[in-house]
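# Overview (structure and organization)
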Amino acid sequence: MYELEKSNLQRCSEYVVHILRPSYVKGFMTTYLRPEVAERILSEESKSVTAAAQVFLDQVCLLDELGWYQALLDALEAEDYKGLCEALKGWDFQTLESTKLHRVLLDRIEPRFTKMIKPRDLLLHLGDCLRKRECEEIQAVSYLVIIYWLYSHNILIENLKGPIAAAERLTDCLKRSDKQNWFKLLKSALYSCELTDALQLLEPDTGANSGVGEVQKGGEKRLREEEERGGGGGGEKSRGGEKKMREYQRELAEPVFQGKNTVICAPTGCGKTVVALAICEQHLKVKGKGAKVVFMATKVDVFNQQYKLFQEHFQEKDPDIRIDGLCGNQGDQLSMKVVMENNDIIVLTPQILVNAMAQGEVPSLSCFSLLILDECHNTTGKHPYNIIMTSYLDAKLSTEQNGQHLPQIVGLTASVGIGSFKNQSEAENNICQLCASLDSRIISTIHTNTDELQSYVHTPDKEFFLVQKRHTDPFIRIIHDIMAKIEGLAKTVYNIESLSSIENRDYGSQKYEQWIVDVQKKCRVLQLKDQEEESRVCRALYNYTEHLRKYNDALIINEDARTKDALEYLSSFIQQVKNAGHDATERQLTAYFDGQQGVLRGLSSGGQKENPKLDMLQYILEEQYRQNDETKSVLFVRTRALADALKSWMEESDSLKFLKPGVLIGRGRKSSQLTGSGMTLNSKKGVLDSFKSFDNQSKILIATSVADEGIDIPQCNLVLMYEYVGNVVKMVQVRGRGRAQGSKCILVSDKKDRIDKEKHNMEKEKIVERAIRNLQDTPTEMLRKVFQRGDKVCRDMVKMVPERPRTEGSYQLLCSKCKKHSCYTDDIRVLQDSHHIVLDPTLFSRARTEPHPKPKGFMGLVKTRKLFCHCGLDWGIVASYLTIQNLPVLKIESFVVKNCVTEQQRYYRKWRDVTFSMKTFELTDIADSWNPCDLAIVTSTLNFALLNVWTSVLTSSATQG
């Protein structure tokens, strides 16, 4: 319910969060949001109104109560948010968008502007663009300061601070105004109050006595010119959102204009999206009514960015061109067939198209006339791009094509240096394979207009800092001792050395992590004669290896960050274990940590100087910002835990806290503190907006691989790679984040082999450039045809092998942690070929549930609760479907499958890999009385609460004893 409204709210979140002050709609919050959520939003507002508005919007988009959306509109109208309310009613934000340049200009001049104005005088003229409440608050700020001034008798200082505090509040209210004429009224007020210096900031090219009539000059004009010079899109910007091509961009597009399938390879930041816009524009003109264009972006973040660019460009160029976009869960709410039939250009994430083809909504790629694949170097393996292109090539090479016309293919990438290669010949083979997969005969690069390219695209200078490792570290010794004890305990339960052949596994290494994964995999299918003993052993080994995994993680964090950060990571894990009602084994394991916690706390108070890498990172940042205080930096790290650790380090460092670091990580389920709190799309957007803002809210972005490719960060002039090295493509993408003139790209590492690998990548990049030039000069049509036909022969041979039939029979699902019975496969039903629902109501007696932290709908299901085994393992969710409530939906990775006849056990990571058959879900399978969960939820929750109380009593008794 309200999925369309929620989707639209998320799309238009930029306007809402930069206008709304959540405390003004407190009545709506107290009615529809939980008290603790409303309190958190109000608390956040005292720090940042925009951040609070983002939290408010995120929470609103989780609502399912009937009438909430109309209530929100009513609350906005009651608080005089008429401009925002009208925009939300019609989903038309053009009026609000027209004031964007004014807000940006006021942002830029705010520090000087607030010192020049007289708020109390201006308020007499600004009543039409400010809310009554805002006027009262601005006056109150002034009066409160004056009262404090009189009280403290500090006349000089407070007499200066009073007007500035009120001026800052007034400026903030103006920037958040949803009135279309606020900027005009502001200039008129400044003119009436004879505040010519402030007016001059808004109109520097306008004489002080020239009057308000000449308002379209000066600061606004200069700002628009800066925007037009190519900010944010790599193209010459003309009216509104329309992008004009540069000559080097025309050169890249020329083969496409001639109708040829083409791979466009050009540097990051040169405006490949502008090239794509021009290609679409030309294609629509040439093909006319027969044109149907699909533009694909690999990541949802990039999809949102590109979809907005397409809308802005064609809104100015030709509003009659119909554009729509689909990504993520939107594909479940909207029919691809309907979208395809009613639009000229469709912006997608590629999995949407793969799903539509599988479900028959897109019968053939011949439905389209042009496919554009952004970041096309991903067309390998099982990537959605490769699935799409495999279908394309099978149709092309089929003898039964029935005269269907396949679409033109265009790939966009910053590097075609895919795969492993040692020399130019191997690089050429890899490039030919990519071109074959994309059915392209042309690699388009820039040859003629290189001078123009270099004037717009600046390649950062590469620097390397090899740092000495720590000489001694007592923290490492203590953690090693604890890990050795845990391994010893595990060996008393079972010979774990027999479960994995991985040797030479040092603590604190990736190899040790691989060993843990291998042992856990073998534990899941470990079988003993006594089933109770099997359950006890498997659960104990799971607990031992999970603790070993977290200690190993902590050692890795300690290597790259502070001991304090590693300790906080461990403390968070131990506390979660205790909160989950830990058993005797877990109490013994947590006691190891508790016994050393005091010593570890003492070691962690040593501060940042304990890690030479942090010293070097601090030195680099201090020097860079000393030389240029307008620097914008992106710091790449390998893990989310390290991103959080470095953010804390900067915020606690006196010399670096002014950077106001933001963190950009992915949406995955595992987080740095085990809470499953990956970043939402809206929170990512908030971080990026803060980083891109003119008022320098954030000067550094700490990012994982999510920022590698596609995301536009035009202002960055310092790229830091903190132990962050990958392949050639990754190197090119990461380096390309630094787009400003005079940018630097710096690798910091204490491992010489890692620095050597990056230098080797730089040499391989040159090999790729030579390979491209050679392939452009040499006909490769025959080679490519061999690749295509050979690949098709292999695929046909695979298809000829009969699919292994899924076996009939009964199988038992056992919890992969404690080996307790969950359900039988006879009771599992498959909904929409993807959701696996258990129709055994007794399942809830073997599980417990908790409210889902992010309840939302997907593919007709609505998640309502989380489902856990009593041992604490996550089994899946409880969902509703249509009018049916409390359906348990399982994820197979949490279970071991046991054959009821042979008693053999197997583990599967994906439902598609299982070898047994399951029945399709039918509504007739549900009895009229189906509502098994209500009593079970109460019972299991009560039992779990009692278990926690009893555990606390035992722990307290043991402590006192």
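Residues numbered from 1 in each chain as written. Predicted model: local features only at pLDDT ≥ 70, side-chain atom pairs only at ≥ 80, totals over all residues. Heavy atoms only, no water.

- The name that an unreviewed UniProt entry assigns to the protein is Activating signal cointegrator 1 complex subunit 3, with the source organism given as Oncorhynchus mykiss.
- Word for word, the UniProt comment on the protein under Catalytic activity (unreviewed entry) is "ATP + H2O = ADP + phosphate + H(+)".
- Taken verbatim from the UniProt record of the protein, the Sequence similarities (unreviewed entry) comment is "Belongs to the helicase family. RLR subfamily." (UniProt positions renumbered as here; feature names shortened; annotations may be inferred.)

## Some details on empty space enclosed by the protein
- Under the defined criterion, the tally for this structure stands at three cavities of 30 Å³ or more.
- Put simply, the second largest cavity is a space of about 50 Å³.
- Taken together, Gln 520, Cys 523, Arg 524, Cys 538, Tyr 542 and Ser 816 form the lining of the second largest cavity.
- Of all the secondary-structure elements, those providing two or more residues to the lining of the second largest cavity are helix H26 (510-524) and helix H27 (531-560).
- Of the residues forming the lining of the second largest cavity, the biggest block, three residues, is contributed by H26.
- Counted by class, the lining of the second largest cavity contains three nonpolar, two polar and one charged residues. (1 Å grid on protein atoms, 1.4 Å probe; cavity = no way out; pocket = protein on both sides within 12 Å on 5 of 7 lines; lining within 4 Å. Points joined across faces, edges and corners; volume = space filled by probe spheres on them. Helix = DSSP H or I, 4+ residues; strand = E, 2+ residues; numbered from the N terminus. Nonpolar A, V, L, I, M, F, W, Y, C, P; charged D, E, K, R; others polar.)

## Some points on a positive patch on the surface
- The grouping of Lys 382, Lys 521, Arg 909, Lys 910 and Arg 912 at the surface amounts to a positive patch.
- Checked against the element boundaries, Lys 910 lands in the loop between strand E26 (905-907) and strand E27 (919-920).
- On the accessibility criterion, Lys 910 (43% relative accessible area) is partly exposed. (Patch = residues over 30% accessible without salt bridge, like charges linked within 9 Å, V, L, I, M, F, W, Y side chains within 5 Å. Areas by Shrake-Rupley, 256 points an atom, 1.4 Å probe, with all protein chains shown as cover. Salt bridge = Lys/Arg side-chain N within 4 Å of Asp/Glu carboxyl O. Lys, Arg positive; Asp, Glu negative; His and termini not counted. Charge placed at Lys NZ, Arg CZ, Asp CG, Glu CD. Buried < 20%, exposed > 50% of the residue type's maximum accessible area, 1.4 Å probe, protein only.)

## Describing the nonpolar core
- Core analysis: the largest hydrophobic core is formed by 65 residues, its most contacted members being Leu 541, Tyr 544, Leu 621, Leu 635, Leu 646, Met 650 and Tyr 722.
- By residue number, the principal contributor to this core is H27, which donates 10 residues.
- Once you skip the residues sitting within four places of it in the chain, Leu 646 turns out to touch Asp 560, Leu 614, Leu 635, Val 637, Ile 702 and Tyr 722.
- Within the second largest apolar cluster, 46 residues are counted, among which are Leu 348, Cys 376, Ile 388 and Cys 432. (Core = buried A, V, L, I, M, F, W, Y, C linked by side-chain atoms within 4.5 Å. Contact = heavy atoms within 4.5 Å.)

## Description of the packing of aromatic side chains
- According to the stated counting rule, one finds 19 aromatic pairs in the structure shown.
- Measuring from centroid to centroid gives 5.3 Å for Tyr 512 and Trp 515, while their planes differ by 45°, and the two rings are tilted. With Tyr 512 and Trp 515 both in helix H26 and three residues apart, this pair spans about one turn of that helix.
- Seen from the ring of Tyr 722, Lys 613 lies directly overhead, with NZ or CZ sitting 5.8 Å from the centre.
- Taking the ring centre of Phe 421 as reference, the NZ or CZ of Lys 764 above it sits at 4.6 Å. (Phe/Tyr/Trp six-rings, centres within 6.5 Å; stacked < 30°, edge-to-face > 60°. Lys NZ or Arg CZ within 6 Å of the ring centre and 35° of its normal.)

## Considering the pattern of salt bridges
- Within this structure, the stated rule accounts for 57 salt bridges.
- Among the ionic pairs, Lys 819 bridges to Glu 534, the shortest N-O distance being 3.0 Å. Taken as a pair, Lys 819 in the loop between strand E16 (811-815) and strand E17 (821-824) and Glu 534 in helix H27 lie far apart in primary sequence, 285 residues in all. Across the pair, exposure class does not vary: Lys 819 and Glu 534 are buried alike.
- Where Lys 613 meets Asp 750, a salt bridge forms, and the shortest distance between an N and an O atom there is 3.5 Å. Of this pair, Lys 613 sits in helix H30 (residues 612-627) while Asp 750 sits in the loop between strand E15 (744-749) and helix H34 (752-777), and the two are 137 residues apart along the sequence. In this structure, Lys 613 and Asp 750 share a single accessibility class: buried.
- Three or more residues are tied together by salt bridges with common partners; here these are Lys 469, Glu 559, Asp 560, Lys 613, Arg 638, Glu 723, Asp 750, Lys 751 and Arg 754.

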